[in-house]
Amino acid sequence: MAVQSLNAASGELQVTNNNIANANTPGYTRQVAVLQEAAPITSAGNIAVGQGVQLTGYQSVRDELLQAQIQQQTQAQSGANAQLSSMQQIQPTFTTSTQDIGTEMSALFSSISSLSTNPTSSTSRQAVLAAGQSLATAFNTASSTLTSQQATLNSQVTQDVSQINQLTKQIAALNPQIAAVKATGQDGGALQDQQDQLVLSLSKITSVSVTQTQNGETLTTGNGTPLVVGSQSLALQATTGSDGMTHVLDRNGADITSSLTGGDLGGSIQTRDQTISGLLKQLDTLANQFGTAMNAAQASGYDQNGNAGQNLFTVSSTVAGSAASIKMAVTDPALIAASSDGSSGSNGNLTNLSAVQTSALASGQTPGDAYASLVYQVGSLTSNANAESTATTSSLLQLNDQLSSATGVSIDEESANLITYQQAYEAAARVVSTIQSLFSVTMAMGTAAAE
Amino acid sequence: MNNATLQSRDQIAASYLQQMQALAFEISVAMDAIAANALPKFQESVARQEMLCAGLASMANTVSNGFRALDHPLPSSADAEIQRKIRAASGAIRELNLQYAALLKHSGKSIALLALLCRSHQGQFQEARGSRLKHQTWSCEM
C-alpha cells in the first residue's frame, strides 16, 4: 500500500511539477492525475487498513464548449481584422484631401466659374483643362487603390489556402496518434493540446466545424466541405478565375469561394468580392455618369472656333472600368465650349457646364452627393470593421481568461496549496512522534503483563 | 484486586484497543489523502489523529499500571486475549506509522522543493534558443 501511495503521490507531484513548468506554454492544458481507491483489508488486531490508491493515468482538464466558442470568436476576429486591414488601406483615398475626387470636382467647377468672367482667357481655359485632368486622375487613383487592394487580397487567398492545406495535413497526422494513445486507456493530453492549437490556427484562416469521431477529429469548412477525415487531409486549391480573381476549389474542383466565411480567408473574400466590388461599382458609375453629363453640357455649346463642343472627357461605353479609364478628351484650351451661340466672347454654355455640379445624375444624386455617399460608405465600413475587430478581441480575451481559469495553471493557487500541505505535514509529523512514544508504553504494558 | 477493578481495567483496555484501531484507520486515511492530493481530507484526518493520540496518551499509563498490578494468579483468558490484541494492534500501528513517516518524509521533501520553485517563480520563464525550439524553460536557485 505504501508503495502504491508513494507512486500515486509521486504521480500527483509530477503533474503539479508539469503544470508549473508549463504555466506559460501557449495551449497547455492543466493535467490532473487519475487515482483509483483500492478496497481496504483487515489486518491483525481487526484493524481495517486501506489498500491505498493506484495511479491509473493522467487526464487533461478540458472544456470543449469554451474551446468551440474560442474557435468561433477567433474566426470572427480574423475575418474582421482582414476587412479592417483592407479598409484602412482604402480609406485615405476617400477622405477629404487636396487630391481626392470631391476636392478636384470642386476645383473643376471653380475653374469653370472663373472662366465665365473672361471666356476668351487662354489661362482660364487652361486652368479648366488642368482641373479636369486632375479630377480624371483622382478617379483613376481611387479605382487603382481599390483594384490593387483586390490584387493584394487575391494573394492573401492563395496564401491562406496554402496554410489551410499545411494545417489540415498536420491535424490529420495527429488523429491516428491520438486514437492509438486513447486505445491504451490514456488521455493523450499533449497530442490533443497540439491538435487544439492547430485547429485554432486553422480557425484564424477560415470557419471550420469540428466533429469528434472514433477516428479522431473530422473537420469541415463552414459550408461542409471536408478538410480532415481520420488520417486523411483533403487539400483545397487556389486558381485564377475568368474574372481575374483567385477562386478556391475543393478536391473535386468545385468552386467553394462564395461559401467560405469567417477567418482571414472568409474576411478577405468578403472584402474583395463584396465590399470593394461594391465600392468600385459605385465609383465607376459616378465616373461614367459625371463624364457623360459633362460631355452632354459641352455638346450643347460651341468652342472658341465656333464649332460644336466635342467630348470633354473620354468615358468608357460600359460602366465597368469607367473610373480607371476616364481621361480628358481635349488638350486644346480653345476646344472648351464656353459659348452658347458660337461667338468667341459668349459664356452662355458655361452655365450648362456649371449646372452639372448641382444637377442630379442618372443615379438620382448630384455628383457631389454621390461622392459624399461613397466617402460615407467607406468610413462606415471601416468603422464597422474596427468595431467588430475590437468587440471580438474583447470577447476572445474574456473566453481565453475563462479557459485559462478552467484549464490553465495558476502558480498562485499551486503555491498556496503547497504551503497548506507543508503545514499539514508538520502536524502529521508530530502525530508520528506521539505514536512512537505511545508504542513504547504499549509494548511495555504487554511485557509487564506477561512476566 | 476485586472484580470491579478488573472489570474497569478491562473496559479501559478495550477502549484503548478501540482507539488504537481508530488511529490506525486514520493513518491509512491520511496516506490515501496524501496520495489523492485531497488536502481537506488530509487535514481533517490529521486533526482526528491528534485527538486520538491525546486520548491514547492519557489512557496508556492507566492501562499499563493496571497490567503491572496483576501478579499471581496469572491473568484470565479474557485478559490474555485483550493483551494479545493490544500487542498485535500496536505492532500493526508501528508498521503503519513507519510507512506514514516515510510517506511524509518523501512527499514533504518534494512539496518543499515545489513550494520553493513556486516562490521563486516570477518572470523567470525564458524561451529556448533556436528557431525550432519554442518551449520555455524555468530556472531558479535552490
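Note that the structure is predicted; figures quoted are calculated from it, not measured. (Residues numbered from 1 in each chain as written. Chains lettered and ligands numbered in written order. Predicted model: local features only at pLDDT ≥ 70, side-chain atom pairs only at ≥ 80, totals over all residues. Heavy atoms only, no water.)

Regarding the overall build of chain A
Each helix and strand counted, chain A has ten helices and twelve strands in total. The burial tally for chain A puts 46% of its 451 residues in the buried class. Relative to all contacts within chain A whose residues are 6 or more apart in sequence, the contacts with residues 24 or more apart total 67%. (Helix = DSSP H or I, 4+ residues; strand = E, 2+ residues; numbered from the N terminus. Buried < 20%, exposed > 50% of the residue type's maximum accessible area, 1.4 Å probe, protein only. Contact = heavy atoms within 4.5 Å.)

Notes on the overall build of chain B
On a plain count of helices and strands, chain B comes out with three helices and two strands. Tracing chain B from N to C terminus, the helices and strands come up as α-α-α-β-β. When burial is assessed residue by residue, chain B has 40% of its 142 residues classed as buried. Taking the intrachain contacts of chain B between residues at least 6 apart in sequence as the baseline, contacts between residues at least 24 apart amount to 63%. Just so you have it, chain B exposes about 7,800 Å², and 54% of that area is on carbon and sulfur atoms. (Areas by Shrake-Rupley, 256 points an atom, 1.4 Å probe, with all protein chains shown as cover.)

Quick notes on the packing of aromatic side chains
Per the counting criterion, the structure on display carries three aromatic pairs over all chains. An angle of 70 degrees between the planes, with centres 5.4 Å apart, marks the rings of A:Tyr425 and B:Phe42 as edge-to-face. Placement of the pair is A:Tyr425 in helix H10 (residues 411–450) and B:Phe42 in helix H2 (residues 39–68), with the two residues belonging to separate chains. Exposure remark for A:Tyr425: the relative accessible area of 7% places this residue in the buried category. A network of ring pairs unites the aromatic residues A:Phe109, A:Phe290 and A:Phe313 as a single cluster. (Phe/Tyr/Trp six-rings, centres within 6.5 Å; stacked < 30°, edge-to-face > 60°.)

Re the nonpolar core
Ranked by internal contacts, the top residues of the largest apolar core, which has 45 residues, are A:Phe139, A:Phe290 and A:Met294. The element best represented in this core is helix H4 (residues 122–183) of chain A, accounting for ten residues. Formed by 39 residues, the second largest nonpolar core is a distinct cluster that contains A:Leu438, B:Met20, B:Ile86 and B:Tyr100. (Core = buried A, V, L, I, M, F, W, Y, C linked by side-chain atoms within 4.5 Å.)

Examining the sheet that holds strand E7 (residues 226–229) of chain A
Hydrogen bonds between backbone groups are what pair the strands of a sheet, and the pairing can be parallel or antiparallel. Residues and elements named next belong to chain A. Taken together, the four strands give an open sheet; going across it, the order is E5-E6-E7-E8, and neighbouring strands pair in antiparallel fashion. Unpaired on one side and paired on the other, strand E5 (208–213) and strand E8 (232–233) mark the two borders of the sheet. Summarising the sheet, strand E6 (residues 216–221) and E7 pair through two bridges and their orientation is antiparallel. Looking at E7, one finds that Thr 220 is bridged to Pro 226. H4 contacts E6, E7 and E8 of the sheet and is inclined by roughly 25 degrees relative to E7. (Pairing = 2+ DSSP bridges. Axes fitted to C-alpha atoms, helices over the stretch in contact; angles between N-to-C directions.)

Digging into the packing of helix H3 (residues 101–117) of chain A against H4(A)
All names here are of chain A. Remark: H3 packs on H4, axes separated minimally by 8 Å, with the N-to-C direction vectors making an angle of 165 degrees. It follows that H3 is roughly antiparallel to H4 by the angle criterion. Relative to H4, the crossing made by H3 is left-handed. From H3, Ile 101, Glu 104, Met 105, Ala 107, Leu 108, Ser 111, Ile 112, Ser 114 and Leu 115 reach across to H4, where they touch Ser 124, Arg 125, Ala 127, Val 128, Ala 131, Gly 132, Ser 134, Leu 135, Ala 138, Phe 139 and Ala 142. (Parallel < 35°, antiparallel > 145°, perpendicular 65-115°, else oblique. Left-handed = near helix turned anticlockwise from the far one by under 90°.)

Here's the deal with the pattern of salt bridges
All names here are of chain B. Applying the stated criterion to the full structure yields two salt bridges over all chains. Between Glu 26 and Arg 48 there is a salt bridge; the shortest N-O distance is 2.6 Å. Here Arg 48 lies in helix H2 and Glu 26 lies in helix H1 (residues 3–35), a separation of 22 residues in the sequence. Note on Glu 26: relative accessible area 7%, which makes it buried. Among the residues examined, Arg 48 registers a relative accessible area of 35% and is labelled partly exposed. (Salt bridge = Lys/Arg side-chain N within 4 Å of Asp/Glu carboxyl O.)

A closer look at helix H6 (residues 263–299) of chain A
Taking 1.5 Å per residue, 37 residues should reach 54 Å; H6(A) reaches 52 Å between its end C-alpha atoms and fits that length. Where H6(A) bends most, at A:Thr271, the angle is about 35 degrees. (Expected span 1.5 Å × (residues − 1). Bend = angle between axes of the 7 residues up to and from the residue.)

Description of the side chain of A:Asp284
Residue and element names in this part refer to chain A. Tracing the sequence through the fold places Asp 284 in helix H6. We note that Asp 284 is buried and unpaired, the nearest opposite charge coming from Lys 281 at a distance of 9.6 Å. In this structure the side chain of Asp 284 is engaged in a polar contact, spanning 2.9 Å, whose partner is the backbone nitrogen of Ala 323. (Lys, Arg positive; Asp, Glu negative; His and termini not counted. Polar contact = N/O pair within 3.5 Å; in protein donor to acceptor, adjacent residues only side chain to side chain.)

Observations concerning the pairing of E7(A)
Residues and elements named next belong to chain A. The loop that links E6 with its antiparallel partner E7 comprises four residues; one of these, Gly 224, has a positive phi angle of about 95 degrees. In the sheet, E7 pairs with E8 via two bridges, with the strands oriented antiparallel. By the bridge assignment, Val 229 is partnered in E8 with Gln 232. Once E7 ends, the chain turns through two residues before running back antiparallel as E8, passing Gly 230 with a positive phi of about 60 degrees.

Let's talk about the confidence of the model for chain B
Residue and element names in this part refer to chain B. Confidence in the prediction of chain B, expressed as mean pLDDT, is 71, and 61% of residues score 70 or more. Least confident of the elements in chain B is strand E1 (residues 125–127), whose mean pLDDT is 42; most confident is H2, at 82. This model gives residues 122–142 a pLDDT under 50, and the stretch forms 31 contacts once residues within four places in sequence are excluded. (pLDDT = per-residue confidence, 0-100.)

Thoughts on the pairing of E5(A)
Residues and elements named next belong to chain A. Here six bridges tie E5 to E6, and the two strands are oriented antiparallel to one another. Bridge pairing in E6 places Gln 212 opposite Glu 217. Taken together, E5 and the strand that follows it, E6, pair antiparallel across an intervening segment of two residues.

Some remarks on the environment of A:Gln232
Residue and element names in this part refer to chain A. Here Gln 232 lies in strand E8. Separated by 14 residues in the primary sequence, Gln 232 and Thr 218 place their C-alpha atoms 9.6 Å from one another. Apart from residues lying up to four places away in sequence, Gln 232 is in contact with Ala 172, Leu 227 and Arg 251.

Remarks on the side chain of A:Thr145
Residues and elements named next belong to chain A. With respect to the secondary-structure elements, Thr 145 resides in helix H4. Thr 145 gets classed as buried once you look at its relative accessible area, which sits at 16%. Within polar-contact distance, the side chain of Thr 145 engages the side chain of Thr 93 at 3.4 Å. Every residue in contact with Thr 145, bar those within four places of it in the chain, is listed here: Gln 89, Ile 90 and Thr 93.

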